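Listed here are the chains, written in short residue letters.
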Amino acid sequence: MHPKRRQIGRLGIPFKLFFVFTVILAISYFTTSTLFISIRDTVDITRDIVKVRFEVLSISQRMIDSLLSMEENQKKYRVLREDEYKKSFLASLQEYRNAIWSILWFRYEGFAVWEGLHEEFKAEFPDLAAGADLPGDPWVPQEKLNRWIEIILDARRENERVIETGMRNLYSLSEQSVNRGVNGLIVSVAVALVGIGYLVFTVSRPLRELRRGIRAFTVSGRLEPVRVFSKDELGELASAFNEMTLRLKDEEKMRTDFIDMLSHEIRTPLTSIRESVNLIKENVFGEVNERQRRFLDIAGDELERISNLLTRLMRVSSMASQIVDITLTPLSPAELLNEVLDKASPSAEAKGISLEIRAGGHIPLILGDEELLGQALLNLVGNAVKFSPRNSMVTLGLEMADGGHKALFSVTDEGPGIPEEEQQNVFNKYYRGVATKKTTDGIGLGLNIARTIVEAHGGDIWLTSLPGKGCTFYFTIPVGGERG
Ligand code: ADP
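Quantities reported herein were computed from a predicted structural model and do not represent experimental measurements.

How each quantity is defined
- Residues numbered from 1 in each chain as written.
- Predicted model: local features only at pLDDT ≥ 70, side-chain atom pairs only at ≥ 80, totals over all residues.
- Heavy atoms only, no water.
- Helix = DSSP H or I, 4+ residues; strand = E, 2+ residues; numbered from the N terminus.
- Rg over C-alpha atoms; globule rule 2.2 N^0.38 Å.
- Buried < 20%, exposed > 50% of the residue type's maximum accessible area, 1.4 Å probe, protein only.
- Contact = heavy atoms within 4.5 Å.
- Areas by Shrake-Rupley, 256 points an atom, 1.4 Å probe, with all protein chains shown as cover.
- Lys, Arg positive; Asp, Glu negative; His and termini not counted.
- Charge placed at Lys NZ, Arg CZ, Asp CG, Glu CD.
- Pairing = 2+ DSSP bridges.
- Axes fitted to C-alpha atoms, helices over the stretch in contact; angles between N-to-C directions.
- Near = heavy atom within 4 Å.
- Polar contact = N/O pair within 3.5 Å; in protein donor to acceptor, adjacent residues only side chain to side chain.
- Nonpolar A, V, L, I, M, F, W, Y, C, P; charged D, E, K, R; others polar.
- Expected span 1.5 Å × (residues − 1).
- Bend = angle between axes of the 7 residues up to and from the residue.

Caption draft 1: Region of interest: the overall build of the chain. For the chain, the count of helices and strands is 13 helices and 7 strands. Relative to a compact globule of 484 residues, whose C-alpha radius of gyration would be 23 Å, the chain shows 53 Å and is clearly more extended. Put simply, the chain has 484 residues, and 38% of those count as buried. Partitioning the intrachain contacts of the chain with sequence separation of at least 6 by distance along the chain shows that 73% fall at a separation of at least 24. Of the roughly 28,500 Å² of accessible surface on the chain, a fraction of 58% belongs to carbon and sulfur atoms. Of the side-chain charges in the chain, 60 are positive and 66 negative, and the distance between the mean point of each set is 3 Å.

Caption draft 2: Here's a closer look at the sheet that holds strand β7 (residues 471-478). In spatial order, the strands read β2-β4-β5-β7-β6; together these 5 strands make up an open sheet with mixed pairing. With one partner strand each, in any of the chains shown, β2 (354-359) and β6 (461-465) form the two edges of the open sheet. The sheet shows a mean angle of 15° between the axes of neighbouring strands, direction not considered. Along the sheet, helix α13 (residues 446-456) makes contact with β6 and β7, crossing β7 at roughly 25°.

Caption draft 3: Structural context of the site of the ligand. With respect to spatial proximity, 20 residues lie near the ligand, and among them Asn-383, Asp-413, Gly-433, Thr-436 and Leu-447 are the closest. Here an oxygen atom of the ligand and a side-chain polar atom of Thr-436 are 2.6 Å apart. Contact with the protein chains hides 97% of the accessible area of the ligand, taken as 530 Å² for the molecule alone. No other element matches helix α10 (residues 370-387), which puts 4 residues into the shell around the ligand. For the shell around the ligand, the per-class residue count stands at 10 nonpolar, 7 polar and 3 charged.

Caption draft 4: Structural detail: the pairing of strand β4 (residues 393-401). Across 6 bridges, the pairing between β2 and β4 is parallel. Within β4, the position partnered with Leu-355 by the bridge is Val-394. The pairing of β4 with strand β5 (residues 406-412) spans 7 bridges and is classified as antiparallel. In the strand pairing of β5, Glu-399 is matched with Leu-408. Here β4 folds back onto β5 in antiparallel fashion, the turn holding 4 residues, of which Asp-402 has a positive phi close to 55°.

Caption draft 5: Inspection of helix α9 (residues 333-350) at higher detail. With 18 residues, α9 should reach 26 Å at 1.5 Å per residue; the first-to-last C-alpha distance of 26 Å fits that figure. Where α9 bends most, at Ala-344, the angle is about 45°, and the proline Pro-346 comes one to four residues later. Of all the residues in α9, the buried ones are Pro-333, Leu-336, Leu-337, Val-340, Leu-341, Ala-344, Ser-345 and Ala-348. Looking at the packing, one finds that the buried side of α9 touches β1 (329-331), β2, β3 (366-368), α10, β4 and β5. At the C-terminal side of α9, Gly-352 shows a positive phi close to 70°.

In short, geometric facts, not functional conclusions.
What follows is the structure, encoded as structure tokens:
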């Protein structure tokens, strides 16, 4: 692994969460603060335009209007000498004075021009400028009026230019804000998506792998190590799972070895005891009477039973490990059923159980290992016979399933059935039914071996049961080869 990736893999999940959310927060903060700065600039410019420049524009217009009106009334008065024009002139003069006072309120860059005008006004009308009453001879020389109008017009033009630049700045600032906002949003969303995707990936990948490992064990009893992707909490969990798997495997091996050893160790003395009992029964050590023979028979039968149990134990305990390489050849499923029926007949007859085959229609050849499949089927039939009451019936079924791709085998009995809560356990190694283990011999490996064999063939095995009314075990095997 790349050293950097190893370092990242070692970081804990809380740190990863913290890191991703901090990056998202930082980007959002950066975006918001740049937006805030843009908005503040916009507000400043807008305030200058709306509160100062537009006001200056309208007051200066009032000043021009007053000056023009003064000029007009002055001219008219000079020609017509009517008091009315003088009055209007004075009113405009007052208006002009008020306008100058109003405009002086605005302290902005370039407001000196209004101070200049005010100075000139003060020089022209010292009393009026100080707030005194209107003068008796108010007239203003024409050149002065023209100059004032010129100055005001210049100042207005300058003001308009500032407003125009301000508007342009406003426009580009708002465009900039929109761009920054959109870019920030895109980057935040992208980082959030990548970050969340990364989190989901780093969390869900090991979880999926763990689920696979746990499922393999709960569904088919396989102990498989899982891949460890990181060194964080989930990585530790996966490593712990693998350690547990190894331990369980070791324990299972120890158990199998122990069973093998024990079986061998018991078998040897058992054989000599059986031989001795036989020799006594055959009067080798002197005549035995009827009563003694009866007890020797019972001892012989029990020894036979223990010996059979040991043989079965040894065979099945090592069988699971042997089902690794299987050779698949085309087989007739019907023939397989017949062979198993023949093998199971003696024990069935001993209990008065009738064994019957029900094969539906024409079944093609299946692909399988004859010996192993026979063993799986025999385990199911053997259980059916073992758990069924006397004089009941066990049925071996055969039909097509999965749209003709698989052969479906079934074994149905009229025994005690399997309680629902035990159904998912019966295929596990060494599991024996709570009720049945008290009344029957067994080691709890038959169904596990059957499942291992069926799954090694690419088939499935399951059961249905109505407790008290018996049960049916099913398994499927893929068909193959030519039609049988
Ligand atoms: P064993 O038969 O040695 O106990 P198996 O693996 O063959 O081990 O079966 C496991 C358990 O499943 C049995 O102990 C029994 O409780 C239950 N079982 C299996 N087959 C049947 C059946 N046909 N009817 C009732 N219970 C069954």
